[in-house]
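Structural overview
Chain by chain, the residues run as shown.
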Amino acid sequence: MDDEAPKDAPAPKDAPASKDAAKADAKSADDAAADEDMPSDAEMEAEADKELAAEEAAGAAALTKPPAKGKGAIVGVVTDSVEHETTPEAQISVVGTKYKTIADFDGRFRLELPPGTYTLRIYVELHKPSVIKGVEVKAGALERYDVDVLPDESSVDTVEIVTEADKASVEGLLLTRQRSASVGDGVGRAEISRTPAGNAAQAAQRVVGATIVGNRFVYVRGLGERYTNALLNGIPLPSPEPDRAAIPLDLFPSLILENITIVKTFTPDMPADFAGGSVRIETRELPSKPLFQLSVGLGYDTDATLRDRLAHKGSSTDWLGFDGGLRGYPKGFPPYVLAKGPKPGGGMITNDDILAAGQQLNSSMHPVEKTSPPNYSLGAVAGRGWNLGGEQRIGVLGSLNYSRSYQKIVGKIAQYQPDFVLEPDGTKRATVAPTLSVEGERGFDKVNWGGLGSVSYWLSQNHRFTLLGLHTQLADASAQFLQGPYASRGASVATVDLRYVSRALNVLQLRGEDDFKQLNHAELRWYGSYSVAALDQPNTRDTAYQFNEETVSWNSISTPENGSHFFAKQNEKTRGAGLDWNQPLLHDPEDLKLKVGGLVSSKDRDFAARRFSFGKERGAPNELFFCPGATYDFNCPVPLYQFGNVGPVLGLTENTKPEDAYKASQDIYAGYLMLDAVAFKSLRMVGGARVERTRQEMNPYSQFAGGMAPKGASIDSTDVLPALSLSYAATKKTKVRFAASRTLARPQTRELAPFVFADFFGAYPIAGNPQLKLTYIKNVDLRFEAFPSPSEVLAFSIFAKSFKDPIEPYVFPSGTPGLISYQNAKGAKLIGVELEARKNLQFLHEKLKSFSAIGNVTLTHSRISLNPKQELQNSTNQSRAMVNQAPYVINLALDYA
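Everything numeric here is computed off the predicted structure, so don't read it as measured data.

Below, the discussion takes up the overall build of the chain. Within the chain, the regular secondary structure consists of 9 helices and 43 strands. Looking at the 897 residues of the chain, the share that counts as buried comes to 50%. Taking all contacts inside the chain whose residues are at least 6 apart in sequence as the whole, residues at least 24 apart take part in 72%. For the chain, the computed accessible surface area is about 40400 Å², with 57% contributed by carbon and sulfur atoms.

Quick look at the structure:
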């Protein structure tokens, strides 16, 4: 839109007549009530008048309050010139500057500005825009400008675009929240910029009911990542993690964020695979003026910074977040299984072939200590928009970010195994027995960098297109040392794990927004996307030594987990497309709308791993496998794992299993129909149903000729998922919301795969279960919200959920130390409450007006019902909380702006 609006506002005048009319109407109502001899109603009316008077007094005080030192203030009230009523949520901006504000619920606004002469621009939905020119601001002075705005249905499209809420600000997010059909909470760029948050995971900590686990994953309302999905600009994202479907939010730097919203209730126009929340990440929009922002951060970790941490030798490209070849397969390493037998292409695999491969693969197995520098981060974002004539615009936005951090964790790990004791009366009593209790430390070197580029083209304000490309790269180099008693070995064991994991995510999105004024302001939203998520875990190495009290030495343990080398790669490609058509059905577009749409998503994953270990050759001397002394030395493995020892002392064995590779796919076809209706001007009803078809397959395969892979998994289900939401505006500043829905949770690919892997020596191995089924969840939410001002909120929520066939991990008490797998439990119940407050502290003292207090508390309680077989065989508790369900979540913040 041009800077010049079509109409100048009238000259400054007294407060609008609509206030007098409102008071006259109130007086008439009082007289009528008195005439009818209804004292109870009169008392209620009088109380309402007192409340109205109090609000009027507060608003008047805001209009007459002196401005800050060195500034002047512009105040006023925006009124509809035809209806003679004040207009809430009007946007008042100062042309050519960043200054802007949103009028309160009674149309009042206030802007404090440096001395000067300005032009004000006023936008109100469904009204003609207005301009006040030549507004002179003097230091210490208070200037009043009341504005009448004219209704203009012919310019609805233009006004709707211009007055779209600023989703980056606190006020804009709260306004979006009030208008939303769903229960949700969020944090915007304006608020994120006031925090040290460097990525989306850190920023999401401020959202009500959100818990950040491992500084990466979001748990909502105490539920694990299984019950959370993530969307980037409304489009589902793939996961670069092999063990979970969750999206690590630390992949997204804070500089590229417009806002993060966690939607907690389901409506048919969104993917239904969640119960806790749906994380919506919105990237920055087309800049309206040249933009450049630079961010530099330094961090100090009390346990790691300028202190020694465990580490291992890295490659020259570790600072870029990927291995440069040092840890990868050696050049020319055999692609076939290293065991005697036929060689692909002819010939036989000989001992010399295995010896050569072992000499190539042998590498350092001990950690080193490095001094950790301070954590640091760098980021820049730049953008610009251009007018191409008429309503055409084009804009570009780009960002780069880089961060590196170091961490040292010192602690203990205790592990228990289910056990059952036979009582004298023949009954079986469940208990637990410890399998290990170790302590030690782990050092991390984390690299995270990425880039984003987007191009937006506006054919007009009614037709807008955006092409976005995103690359993020994250790597963790870690070294872990653990020591303590292992029950299975009857002795103390010292273990070392050296690991490097890099993850990459590439996203390409094309999306469009089309508004059709001639079709009663219908809206079309569509998108197409292609994403690739990759993981590389090259040469994870483990050693294990057992203490011998008789010889006072540490002996190398003869097991495939000792002297091991593990390699894994994963590649996941996701293709998706979707559209939404929103059609108003009545003359007033907001009264009744029909929304239809759907999406298609196709995901393919290929995972492959190989395992090797070095063991003692027959006849090899024992001395190299012993380390004398009561204290374990990190350099203990150094004399053993030498090039010259491979062959005469150490022999290489490949332990790769047929289930160590699998291909998986997940195809989802969805369609929905939804009605959005406003009844009695205060009640909004949104209801409909979504149909989702799930086709999910996981097929293990042998990486080598002649191998037999185990049976895979297959899920084919078509589900109808209804939802109903009611929103009642009791007053202009309060809302009551109710929502009921049915959603689902799908098994994660890793949970279906029979691939077995343990995090460290002695830990429970984890294996999938191809027999898993979908989980279905019934959700009920009730929330009361009050908005004392555009930037304040008080809210109380209560929610309940009923789960059918929830997927839960459990321990098979078979073997040592046992095995973790997954099963569908019979059911589960969950109930919880949320309390939220965001309040400016000016009410305590005038000098505290720049401070805001933010607090939210979530309390949840869950109980799971086990299947009878689980109760009798593997469970030590017949009633317990759901795994990963937190009983409480508390977030507190004090903001200064």
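Moving on: the pattern of salt bridges. The full count for this structure, using the stated rule, is 39 salt bridges. In this structure, the salt-bridge partner of Glu692 is Arg690, at a minimum N-O distance of 2.8 Å. The exposure class assigned to Glu692 is buried, which follows from its relative accessible area of 2%. Residue classification places Arg690 among the buried positions, given a relative accessible area of 2%. A salt bridge links Glu792 to Lys839, with the nearest nitrogen and oxygen atoms 3.5 Å apart. Separated by 47 residues along the polypeptide, Glu792 in the loop between strand S36 (775–786) and strand S37 (793–804) and Lys839 in strand S40 (residues 827–840) bring together distant segments of the chain. Connected via shared salt-bridge partners are Arg221, Lys264, Arg737, Asp781, Arg783, Glu785 and Glu834.

Right, let's get into helix H7 (residues 351–361). For H7, the full list of buried residues reads Ile354, Ala357, Gly358 and Leu361. Considered in projection along H7, the buried side chains sweep an arc of 100° and stay on one side of the axis. Looking at the buried residues of H7, the elements they touch are strand S19 (348–349), strand S28 (564–584), strand S29 (592–616) and strand S31 (650–654).

Here the focus is unusual backbone geometry. One non-glycine residue with positive phi stands out, namely Asn233, at about 55°. Residue placement: Asn233 occurs in the loop between strand S12 (228–232) and strand S13 (235–236). We note that Val552 has phi near 50°; this positive angle belongs to a residue other than glycine. Structurally, Val552 can be placed in the loop between strand S26 (522–548) and strand S27 (553–556). On the basis of relative accessibility, which here comes to 39%, the residue Val552 falls in the partly exposed class.

Now for the environment of Pro589. Take Pro589: it is sitting in the loop between S28 and S29. With 88 residues separating them along the chain, Pro589 and Ala677 place their C-alpha atoms 10.0 Å apart. With sequence-adjacent residues up to four places away left out, Pro589 is seen in contact with Asn520, His521 and Pro584.

Once that is clear, we can look at the confidence of the model for the chain. Any residue range with low pLDDT should be treated as having predicted coordinates unsuitable for detailed reading. Residues of the chain with pLDDT of at least 70 account for 85%, and the chain-wide mean is 83. With pLDDT under 50 throughout, residues 1–39 is counted as low confidence; its partners more than four residues away or in other chains account for 46 contacts. In this model, residues 155–165 is a region of pLDDT below 50 whose contacts with residues beyond four sequence positions or in other chains number 29 contacts.

Cut-offs used in this document
- Residues numbered from 1 in each chain as written.
- Predicted model: local features only at pLDDT ≥ 70, side-chain atom pairs only at ≥ 80, totals over all residues.
- Heavy atoms only, no water.
- Helix = DSSP H or I, 4+ residues; strand = E, 2+ residues; numbered from the N terminus.
- Buried < 20%, exposed > 50% of the residue type's maximum accessible area, 1.4 Å probe, protein only.
- Contact = heavy atoms within 4.5 Å.
- Areas by Shrake-Rupley, 256 points an atom, 1.4 Å probe, with all protein chains shown as cover.
- Salt bridge = Lys/Arg side-chain N within 4 Å of Asp/Glu carboxyl O.
- Arc of directions from axis to C-beta.
- pLDDT = per-residue confidence, 0-100.

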